[in-house]
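Read off the chains here:
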Amino acid sequence: MPAKQKFYLTTPIYYTNGLPHIGHTYTTVVADVIRRYKRMRGYEVVMTTGTDEHGVNVERAAKKAGVPESEFVAKMAEAWRALWLELGIPADEFVRTTDLQHVRTVQWLFKLCRENGYVYKGHYTGQYCIYDNAFVNDAKPGDNCPDCGRPTETLTEENYFFKLSAFQKPLLDFYKKYPEFIQPESRKNEIVSFVESGLKDLSITRTTIRWGIPVPGEEPHVFYVWFDALTAYLSAVGGPDYEKRGMWPADLHLVGKDIIRFHTVYWPAFLMAAMLPIPKQVWAHGWFLMDASKMSKSKGNVVLPRPIADMLGMDALRYFLLREVVFGQDGNFSYDALLTRYNSDLANGLGNLASRTAAMIEKNFAGKIPKAGKLEPRDETLARQTQSAIGDVLDYFEKMNFARALESLWSVIATADKYLTTEKPWSLSDSEADTQRKATVLATTAELLRIVTVLAHPVLPDSTTKIWTLLGQSGSVSAVELDGLQWGQLASGVPLGKPQTLFPRVEKSEAIERIESMANEELNPTAPPAPAPTAGRSATAGAATAAAPAASEKIGIEDFAKVEMRVGQIKTAERIVGADKLLKLTVDIGTEIRQICAGIAQFYEPDSLIGRKVAVVTNLAPRKLRGVESNGMIIAASVGPEGRPVLAGFPEDVEIGARLK
Ligand code: MSP
């Protein structure tokens, strides 16, 4: 068998002075979609992301946090890595610019550029902020520091310079020879005119920054952050030994429009100077804006990915990000638009088509995919439309036009809905002719659904995996080869799998309120929550469990008396969408009925709790858990290493509302 063709793609490596918002999530999601898509087209794919950990901003943030820089960045890098994993978009290679392998690669690249005559020592003059100890890029004499607002001073320092000016012609020739290098086209013109207007040599070391990769034998010089950061793409796949891994040059760098110049001018110039292969393509996407401005923590307008994923599932966020905005353009983020898409396209669209098709097959054909009988022209039209959508969708994926790919797929879903409404298989009788017709209609719909499922898989990996199971298909949907996908491959007689929860409908305003409340909890963590019975994501749960006795301080009876506990009776119990571990209970505590959330969903079935008497802490301040108000706490023991909650109860009959003393 011929070796697979390789595909190496990257996201930018993210700064560690903050945590990911949906702008960063956008790039990483797109990278993951392309990775899955390329794998389904038979490529061996490596996707890299990572953290950009050097520079003066990190120096400052670490100082503010009162920890050494290395400790600060290690924690932040871990948080980024963990979030990508939690969101189901971990990279194949996670590169940190403090990794030894990366440090060696940067030093090696510098050495090659220097040996080839493209590096010289010179003097850099710029505006410097003596309070922040940093040069202020693009500032003129008389300008104030944008960070602290104080006046800057003109300062000259000794630097190593990179002869960027020598690459004006080679770069312009390169753009001409490889017209696909800069995408989208509109960005290319911007870069070409920038290079045509002349390139100044670039200072690539600093002596005023401490937290950076040292230039060997030239301390206190450290590398300029972009010389350091860009090289991460190469260090992630072998660094100086890149040939062994066989992934370099990168096939695709995904970047935001703000950093395209670094990737399409500096980066290829560094590589040309070192005589190393140059990446094949840089694709610049636009920004997700909040109220028409770029998200930033200081403006307080960031949207976090986790609350959305918790409430609606990660597939919903992925779908929204890719469908709402044409890749390459800016777009606005709004919760309202997100929920509208969720309810209309996912819950009522794909989710509904899958569930009703399965339910009708279950009811009419004992849960086995029927065999189509004689085809009517209407069935053939549907088949033809779906078959031609396969080509369109693959073509849009190739062009990175995800919005159009999804639009095409959803128009196939709409056609199927119309087809069912016209054919009305539910109104057909049990006569032989009608049963035949029912079989044809349902087999046709199921085949359409199978094709949509395969094509949507790169964007909706979790839900399409569920639909695949529901359709009783063997193997994994991710293993289906897109190149061989065509109408007519659905095997009949196959039993359907278990029913699956796909996209439960949500009430828009309640969902938005809960997402915002979860985001608020995440952005402004309050005092540590009560001990949680299970190791949940945010370790919050409204059931208190007894911790192992510690060498704790003794408290007086007056302290204990501050806690009011009463006997309560559970009236209702239900699961909470987006919070696997929590149950929402209503509890009668004698004087009133309270809503309380308890982190016991993995150990207690809601129905088994109705009528049960429990011990309730009744004078706790109300708080929101996963966006749901909880007004009290149920007492439970914490058992075993996994902290299984066991509800405290009363072997004798007790009156509801009785105080525990
Ligand atoms: N560390 C540099 C990149 C070095 S790559 C060798 C950096 N980091 S960043 O964390 O500030 O930004 C990383 C990426 O996130 C950029 O491509 C940027 O465009 C993108 N985004 C940040 N906010 C964004 C939005 N609101 N919307 C979409 N993408 C945005 O730059």
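The structure we're discussing is the one just above.
The structure reproduced in this document is the subject of the present report. Being a predicted model, the structure only gives us computed values, none of them experimental. (Residues numbered from 1 in each chain as written. Predicted model: local features only at pLDDT ≥ 70, side-chain atom pairs only at ≥ 80, totals over all residues. Heavy atoms only, no water.)

Thoughts on the pattern of salt bridges
With the rule as written, the count across this model stands at 44 salt bridges. Lys38 serves as the salt-bridge partner of Glu398, at 3.8 Å between the closest nitrogen and oxygen. In this pair, Glu398 is assigned in helix α14 (residues 377-398) and Lys38 in helix α1 (residues 22-40), connecting sequence segments 360 residues apart. On the basis of relative accessibility, which here comes to 42%, the residue Glu398 falls in the partly exposed class. (Salt bridge = Lys/Arg side-chain N within 4 Å of Asp/Glu carboxyl O. Helix = DSSP H or I, 4+ residues; strand = E, 2+ residues; numbered from the N terminus. Buried < 20%, exposed > 50% of the residue type's maximum accessible area, 1.4 Å probe, protein only.)

A word on the environment of Ala359
Here Ala359 shows up in helix α13 (residues 335-365). Using a relative accessible area of 44% as the deciding quantity, one classes Ala359 as partly exposed. Taking the C-alpha atoms as reference, Ala359 lies 28 Å from Val393; in sequence the two are 34 residues apart.

Topic: the sheet that holds strand β12 (residues 282-285)
Read from one edge to the other, the open sheet built from 6 strands follows the order β3-β2-β1-β11-β12-β7, with strand pairing classed as parallel. The sheet is open, and its two edges are formed by β3 (93-96) and β7 (182-183), each paired on a single side. With 2 bridges joining them, strand β1 (residues 6-15) and strand β11 (residues 252-256) adopt parallel strand pairing. From the neighbouring strand, Thr10 faces β11, where its bridge partner is His253. Contacts between α1 and the sheet are confined to β1, β2 (44-52), β11 and β12, with β1 contributing the most and set at about 170° to the helix. Along the sheet, helix α3 (residues 69-86) makes contact with β1, β2 and β3, crossing β3 at roughly 160°. (Pairing = 2+ DSSP bridges. Contact = heavy atoms within 4.5 Å. Axes fitted to C-alpha atoms, helices over the stretch in contact; angles between N-to-C directions.)

Notes on the environment of Glu629
Position of Glu629 relative to the elements: it lies in strand β22 (residues 628-630). By relative accessible area, which is 39% here, Glu629 ends up partly exposed. It is 7.5 Å that separates the C-alpha atoms of Glu629 and Cys597, two residues lying 32 residues apart in sequence. Excluding its chain neighbours within four sequence positions, the residues that come into contact with Glu629 are Gln595, Cys597, Pro622, Arg623 and Lys624.

So, helix α6 (residues 185-196)
The terminal C-alpha atoms of α6, which comprises 12 residues, lie 17 Å apart, in line with the 16 Å expected from a rise of 1.5 Å per residue. Taken together, the buried positions of α6 are Arg187, Lys188, Ile191 and Val195. Buried residues of α6, seen end-on, are gathered within an arc of 105° and therefore sit on one face of the element. Turned more than 90 degrees away from the buried face of α6, the exposed residues are Ser186 and Glu196. Against α5 (168-177), β7, α10 (260-273) and β12 lie the buried residues of α6. Directly after α6, the chain includes Gly198, whose backbone phi takes a positive value near 105°. (Expected span 1.5 Å × (residues − 1). Arc of directions from axis to C-beta.)

Overview of the pairing of strand β17 (residues 565-576)
Judged from the 5 bridges that link them, β17 and strand β20 (residues 613-617) form a sheet pairing that is antiparallel. From the neighbouring strand, Met565 faces β20, where its bridge partner is Val617. Strand direction decides the pairing type here: β17 and strand β25 (residues 659-660), joined by 2 bridges, are antiparallel. For Met565, the partnering residue across the bridge sits in β25 and is Leu660. The pairing of β17 with strand β18 (residues 579-588) spans 7 bridges and is classified as antiparallel.

Re unusual backbone geometry
In this structure, Pro220 follows Glu219 across a cis peptide bond, with omega equal to 10°. Residue Pro249 is bonded to the preceding Trp248 through a cis peptide linkage, with omega at 10°. Within the secondary structure layout, Pro249 lies in the loop between α9 (242-245) and β11. The residue Met275 is not glycine, and still its phi comes out positive at about 55°. With respect to the helices and strands, Met275 occurs in the loop between α10 and β12.

With respect to the site of the ligand
Residues in close proximity to the ligand total 22 residues, the closest being Ile13, Asp52, Gly256, Asp258 and Phe288. A distance of 3.2 Å separates an oxygen atom of the ligand from a polar backbone atom of Tyr15. Contacts to the ligand include Gly256, whose backbone N or O atom sits 2.8 Å from an oxygen atom. Expressed as a share of its isolated accessible area of 660 Å², the protein-covered part of the ligand is 95%. Elements supplying a minimum of two residues to the shell around the ligand: β1, α1, α7 (225-230) and β11. Of the residues forming the shell around the ligand, the biggest block, 4 residues, is contributed by β1. Classifying every residue of the shell around the ligand by side-chain character gives 12 nonpolar, 7 polar and 3 charged. (Near = heavy atom within 4 Å. Polar contact = N/O pair within 3.5 Å; in protein donor to acceptor, adjacent residues only side chain to side chain. Areas by Shrake-Rupley, 256 points an atom, 1.4 Å probe, with all protein chains shown as cover. Nonpolar A, V, L, I, M, F, W, Y, C, P; charged D, E, K, R; others polar.)

Overview of the pairing of β11
Counting buried positions along β11 yields 5 of 5 residues, so the element is predominantly enclosed. Where burial is concerned, the two faces of β11 agree: the one with Leu252, Leu254 and Gly256 and the one with His253 and Val255 are both buried. With 4 bridges connecting them, β11 and β12 associate as parallel partners. Bridging across to β12, His253 finds its partner in Val282. Handedness of the crossover joining β11 and β12 through α10 is recorded here as right-handed. (Right-handed = clockwise from strand over helix to strand, strands pointing away.)

Re the side chain of Thr357
Mapping Thr357 onto the fold places it in helix α13. Of the residues examined, Thr357 reaches a relative accessible area of 1% and is grouped as buried. A distance of 2.5 Å separates a polar side-chain atom of Thr357 from the backbone oxygen of Leu353. Each residue touching Thr357, except ones within four places of it in the same chain, is listed here: Leu442, Thr445, Ala446 and Leu449.

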